[in-house]
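Inside the fold
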Amino acid sequence: MPPLTAPTAPHDLENQIRGFLAAHDPHTTARLDFLRARFDAGLAWLHYPPGLGGQSLPRGLQPAAERAFAEAGAPDNDPRRIGIGLGMAAPTILAYGTDEQKQRWLRPLWCGEEVWCQLFSEPGAGSDLAALATRAVRDSGDWVVNGQKVWTSMAHEARWAILVARTDPDVPKHQGLTYFVLDMTTPGVEVRPLRQLTGEAEFNEVFLTDVRIPDAHRLGAVGDGWRVAQTTLMNERVAIGGGATPREGGMIGMLAETWRTRPEVRDPASHDRLMQLWVAGEAARLTGQRLSAQLAAGQPGPEGSAAKYAFATLNQQVSGLELDLLGEEGLRYDDWTMRRPDTVDFVGRSPGYRYLRSKGNSIEGGTSEILLNIIAERVLGLPGEIRADKDVPWKDLPR
């Protein structure tokens, strides 16, 4: 169909969506065909450029578009399953990818045809991503990669991975990194499950042995991987902690429901704790809305680190109070099954599961300790932490 005229107001967008739905009945059009057509019409992510699923429109119009498609019974792209691609890989590809890379990866990513994962963390680097040791060595038109990555969600289902590797050990750690896109079906890629405290295996460890990556799959310049990775990390923290939620959404809503329906667990001290957490949850929710507005105006900044830190802290405190209220009942745990979930969802799970799983919130997406450093230095403007290894070549650092 011919390109649609870009809307200039919400009612124009509504008319455009209505016309699209008339031409592509969501009840009779195959799911993938519908999603591909929506992408090609610029109605996928509206703020992306024309030809890449969008129309360069304000990001704030996206919720209205999603509501219109949902009300029409249109299929979605299973955003929870492809969240790493949508929230982390796509913004980085958009910012640093070549035209060929954007055309190759963004459409199947948004349509959910190809799942993505993130190969950043390493067992030997801890919270210091820049200390990673996975090596990429140039070999003609390819890079040969060897190393190990850890805590990789969806690696067992992913077709593509965003990967940071060390390409120059003779310069300080932040300067010798390069950012790649890895085909997870490449020989030498081995994925092993990591069983968690909950009994499940959401995460994986990934071993890379003489894995070849074409130079055409590099994002950004050689040695510029740290700067490229910051785009991914800032978007990741917004995706984890800065999402818009309704009032009493998330864990605080589940705790409030327990309080309302179980009068026998109430006491004055617990009521005070509940109200403090409810107020903190409201503050986090409203801050998330403001962060979403900032994100609509440009790239995410360090404020996403504060939102993610608040999310992790609040979840742990809320789940802890829920267990205190329920006493022995809260200690019962019926979810000890080895499974590999595609998504993480606290809804419909036991209080014990929520308590155990929330412990990971202060690790995934950046540890709380690192986030506090970012908040102190980049948001509050406090003096930076002393870094004795800042100008030392990576190869000379103790490991």
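Our subject is the structure listed above.
Every residue gets a number counted from 1 within its own chain, in the order that chain's sequence is written. In keeping with the predicted nature of the model, local features appear solely for residues at pLDDT of at least 70, side-chain atom pairs appear and are counted solely at 80 or more, and the whole-chain, interface and lining totals rest on all residues. Working from all heavy atoms in the structure, the side-chain values ignore hydrogens and water.

Right, let's get into the overall build of the protein chain. A tally of regular secondary structure across the protein chain gives 12 helices and 8 strands. Taking 2.2 N^0.38 as the reference for a compact globule, 399 residues should give roughly 21 Å; the C-alpha atoms of the protein chain span a radius of gyration of 22 Å, in line with that estimate. Along the first, second and third principal axes, the C-alpha set of the protein chain runs to 70 × 60 × 45 Å. The buried label applies to any residue whose accessible area, calculated with a 1.4 Å probe on protein chains only, is under 20% of its type's maximum; exposed applies above 50%, and partly exposed to all values in between. Expressed as a percentage of the 399 residues in the protein chain, the buried residues total 49%. Expressed as a percentage of contacts within the protein chain between residues at least 6 apart in sequence, the contacts between residues at least 24 apart total 71%. We get accessible surface area from the Shrake-Rupley algorithm with a probe of 1.4 Å; when it comes to residues, only the shown protein chains can shield them. With an accessible surface of roughly 18,900 Å², the protein chain has 54% of that area assigned to carbon and sulfur atoms. Taken as two groups, the 43 positive and 51 negative side-chain charges of the protein chain have centres that lie 1 Å from each other. Every helix listed is a DSSP run of H or I at least four residues long, and every strand listed is a run of E at least two residues long, numbered separately from the N terminus. For this measure, only C-alpha atoms enter the radius of gyration; the expected value for a globule follows 2.2 Å times N^0.38, where N is the number of residues. It only takes one pair of heavy atoms within 4.5 Å for two residues to be counted as in contact. Counting rule applied: Lys, Arg positive; Asp, Glu negative; His and chain ends not counted. Working definition for charges: the position is that of NZ of Lys, CZ of Arg, CG of Asp or CD of Glu.

This brings us to the side chain of K173. Its location among the elements puts K173 in the loop between β4 (160-166) and β5 (177-183). What makes K173 buried here is its relative accessible area of 6%. Each polar contact in these results corresponds to two N or O atoms within 3.5 Å; when the atoms are within protein, one needs to be able to donate a hydrogen and the other to accept it, and residues that are neighboring in sequence are counted only if both atoms are side-chain atoms. One polar contact links K173 to D389, side chain to side chain, over a distance of 2.6 Å. Residues contacting K173, with those up to four places away along its chain left out, are D128, A130, A131, R166, D389, V392, W394 and L397.

The next point concerns the packing of aromatic side chains. Put simply, two rings from Phe, Tyr or Trp (the six-membered ring, in Trp's case) pair if the centres are within 6.5 Å, and we call them stacked under 30 degrees between planes, edge-to-face over 60, tilted for the rest. In total, this model carries 11 aromatic pairs according to the counting rule given. Consider the rings of W105 and W116, whose centres lie 6.0 Å apart with planes at 90°: the pair is edge-to-face. Residue W105 is found in helix α5 (residues 99-110), and its partner W116 is found in strand β1 (residues 116-119); the two are separated by 11 residues along the sequence. With a centroid separation of 6.2 Å and an interplanar angle of 90°, the aromatic rings of W151 and F203 are classed as edge-to-face. Here W151 is found in the loop between β3 (142-149) and β4, whereas its partner F203 is found in strand β7 (residues 203-214), with 52 residues between them in sequence. Given the relative accessible area of 10%, F203 is considered buried. Through a chain of ring-to-ring contacts, three or more aromatic side chains come together here, namely F20, F34 and F69.

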